[in-house]
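Given next are the chains, with one letter for each unit.
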Amino acid sequence: MEQKSRKYRYTKQLINMAIRDGWTQTQIAKECRTQQSVVSDWKNGSKQATEQQLRKLLEIYGPRLRRKSFRIYHRWVEVPDQEPEITLIKVEGEIVFLHAYDAYLSCHRCNPAECKDSKHPKKAVPQRRIIIHDQGAGKFCVVRQKRTIIPKHQTKFSDTNIFYSFAIGQLSVEQILASFDGNEFYEGQKDYLADRLLIRMLARKALLEHGVPLDGVEEHLMVC
């Protein structure tokens, strides 16, 4: 009985996953034997469903959601005359935004970062990434990453292409957007102009698609 009545902590993520897959709130309500208004509360995170109510959705989306429910990152600190101290960072919550930027063109046939032959195929290799995890209750974690291997080795030794990570958790949407708009993620203002504008737009788009309401959005709604 206790198992059936236990609240499912990732209710919001599960409902939004189903909706992105084409389910309507009415269909979810029917499958979960509840009302559409209740599903709306689940979707925006104001209420949680029981595992018994979500049984059918968990059968379909549970494995995919569990893979998305947390991710492990790492960073290290240089210690004089010792090996670096490694810190593992576990961030819970579904990833709702991931954007890679600051890319250079690499050639796998030559010195990766220095090929001048226009006939050689090139691949864009991003140096930085920004990731947003939805942690529930209107809070998010932002992970900033930077590649640690120098460019000329990144294509030759792809298994060593690792990112140094720094995470800031429990941020509100307003705090995240203020950081993006304030250009806190860019070392060179002139060099990253296109990336700055793109990240500000794509982050808002991802949050809206995840069901997060934002101010200043021009809406053209359907007529029911």
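The following refers to the structure shown. (Residues numbered from 1 in each chain as written. Predicted model: local features only at pLDDT ≥ 70, side-chain atom pairs only at ≥ 80, totals over all residues. Heavy atoms only, no water.)

### Details of a nonpolar patch on the surface
The grouping of F70, I72, I86 and L88 at the surface amounts to a nonpolar patch, some 420 Å² of accessible area in total. Elements represented by at least two residues in the nonpolar patch include exactly strand 1 (70-77) and strand 2 (85-92). (Patch = residues over 30% accessible without salt bridge, like charges linked within 9 Å, V, L, I, M, F, W, Y side chains within 5 Å. Areas by Shrake-Rupley, 256 points an atom, 1.4 Å probe, with all protein chains shown as cover. Salt bridge = Lys/Arg side-chain N within 4 Å of Asp/Glu carboxyl O. Helix = DSSP H or I, 4+ residues; strand = E, 2+ residues; numbered from the N terminus.)

### Overview of the packing of helix 2 (residues 11-20) against helix 4 (residues 36-44)
A pair of packed helices is characterised by two quantities: the angle between their axes and the separation of those axes. Close contact between helix 2 and helix 4 brings their axes to 7 Å; oriented N to C, the two are set at 110°. When the axis of helix 2 is compared with that of helix 4, the two are roughly perpendicular. Two secondary-structure elements touch here, helix 2 through T11, K12, I15, N16 and I19 and helix 4 through V39, W42, K43 and N44. Residue composition of the contact of helix 2 with helix 4, by class: four nonpolar, three polar and two charged. (Axes fitted to C-alpha atoms, helices over the stretch in contact; angles between N-to-C directions. Parallel < 35°, antiparallel > 145°, perpendicular 65-115°, else oblique. Contact = heavy atoms within 4.5 Å. Nonpolar A, V, L, I, M, F, W, Y, C, P; charged D, E, K, R; others polar.)

### Description of helix 3 (residues 25-32)
Among the residues of helix 3, those classed as buried are I28, A29 and C32. Projected down its long axis, helix 3 shows its buried positions confined to an angular sector of 100°, all on one face. Exposed and oriented more than 90 degrees from the buried face of helix 3 are T26 and K30. Following helix 3 by one or two positions, R33 has its phi on the positive side, about 55°. (Buried < 20%, exposed > 50% of the residue type's maximum accessible area, 1.4 Å probe, protein only. Arc of directions from axis to C-beta.)

### Remarks on the packing of helix 3 against helix 4
With their axes 8 Å apart at the nearest point, helix 3 and helix 4 run at an angle of 105° to one another. When the interaxial angle is binned, helix 3 and helix 4 end up roughly perpendicular. Residues Q25, T26, I28, A29 and C32 of helix 3 form the contact with helix 4, whose own contacting residues are Q36, V39, S40, W42 and K43. Here the residues of the contact of helix 3 with helix 4 sort into five nonpolar, four polar and one charged.

### Overview of the side chain of R128
Within the element layout of this structure, R128 appears in strand 4 (residues 123-136). At 3.0 Å, the side chain of R128 and the side chain of D102 are in polar contact. (Polar contact = N/O pair within 3.5 Å; in protein donor to acceptor, adjacent residues only side chain to side chain.)

### Remarks on helix 2
Helix 2 sits mainly inside the fold: eight of its 10 residues count as buried. Downstream of helix 2 by a residue or two, G22 has a phi angle that is positive, lying close to 110°.

### What about the pattern of salt bridges?
A complete count under the given rule lists eight salt bridges for this structure. Between E59 and R55 there is a salt bridge whose closest N-O contact spans 3.3 Å. Within this pair, E59 and its partner R55 are both found in helix 5 (residues 55-68), separated by four residues, close to a single helical turn. Look at E59 and you get partly exposed, because its relative accessible area is 49%. We classify R55 as partly exposed; its relative accessible area is 48%. The shortest N-O distance in the salt bridge between R128 and D102 comes to 3.0 Å. Highlighted residues: R128 in strand 4 and D102 in strand 3 (residues 94-106), separated in sequence by 26 residues. Its relative accessible area of 10% is what places R128 among the buried residues.

### Digging into the environment of Y8
Tracing the backbone shows Y8 in the loop between helix 1 (2-5) and helix 2. Expressed as a C-alpha distance, the spacing of Y8 and Q53, which sit 45 residues apart in the sequence, is 9.5 Å. Beyond its immediate stretch of four places on either side in the chain, Y8 contacts L14, Q48, A49, T50, E51, L54, L58 and L65.

### Comments concerning the sheet that holds strand 4
Strand order in the open sheet formed by four strands is 3-4-5-6, and the pairing between neighbours is antiparallel. A strand with exactly one partner marks an edge of an open sheet, and here the two such strands are strand 3 and strand 6 (163-171). In this sheet, adjacent strand axes meet at a mean angle of 15° when their direction is disregarded. Here strand 3 runs beside strand 4; their pairing, made up of 11 bridges, is antiparallel. Each residue of the ladder has a partner; that of L98, found in strand 4, is I131. Along the sheet, helix 7 (residues 173-181) contacts strand 4, strand 5 (139-147) and strand 6; its crossing angle with strand 6, the most-contacted strand, is approximately 135°. (Pairing = 2+ DSSP bridges.)

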